Amino acid sequence: MTVRPTLIIPAAGRGTRLGGSIPKVLYPVNGRAMIDHLLARYVPQVERIVLVLQPDALDPVRRH
């Protein structure tokens, strides 16, 4: 049996130094949110993903 790893993404940045009001993980890079790039890259290879977020980022990230 092959055990697939868990991906832990430390995504607690608020993005304030970027001058915006959204969590850093939702900022667009090449037209897509940063988190979307990570998910596209790693979802096929991992069993589960754990996002470490600021409490105030939970709702915006869930909506995304």
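Conventions used here
Residues numbered from 1 in each chain as written. Predicted model: local features only at pLDDT ≥ 70, side-chain atom pairs only at ≥ 80, totals over all residues. Heavy atoms only, no water. Helix = DSSP H or I, 4+ residues; strand = E, 2+ residues; numbered from the N terminus. Buried < 20%, exposed > 50% of the residue type's maximum accessible area, 1.4 Å probe, protein only. Contact = heavy atoms within 4.5 Å. pLDDT = per-residue confidence, 0-100. Core = buried A, V, L, I, M, F, W, Y, C linked by side-chain atoms within 4.5 Å. Patch = residues over 30% accessible without salt bridge, like charges linked within 9 Å, V, L, I, M, F, W, Y side chains within 5 Å. Areas by Shrake-Rupley, 256 points an atom, 1.4 Å probe, with all protein chains shown as cover. Salt bridge = Lys/Arg side-chain N within 4 Å of Asp/Glu carboxyl O.

### Digging into the overall build of the protein chain
Along the backbone of the protein chain there are two helices and four strands. In sequence order, the protein chain lays out its α and β elements as β-β-β-α-β-α. When each of the 64 residues of the protein chain is scored for burial, the buried share is 20%. Considering only contacts in the protein chain between residues 6 or more positions apart, those separated by 24 or more positions represent 59%.

### Some points on the confidence of the model for the protein chain
Interpreting fine coordinate detail is not advised for predicted regions of low pLDDT. Taken over all residues, the pLDDT of the protein chain has a mean of 91, while the share at 70 or more is 100%. Strand β3 (residues 32-33) holds the highest mean pLDDT among the elements of the protein chain, 96, whereas strand β2 (residues 28-29) holds the lowest, 92.

### Here's the deal with the nonpolar core
Membership of the largest hydrophobic core is limited to ten residues, which are L7, I9, A11, V25, L26, A33, I35, V46, A57 and V61. Discounting chain neighbours no more than four positions away, the residues touching L26 are A33, I35, P60, V61 and H64.

### A closer look at a nonpolar patch on the surface
Together, I8, V50 and V52 give the surface a local cluster of nonpolar side chains, amounting to about 230 Å² of exposed area. Looking at where V52 falls in the secondary structure, it is placed in strand β4 (residues 48-52). A residue is classified by how much of its surface remains accessible, and V52, at 40% relative accessible area, is partly exposed.

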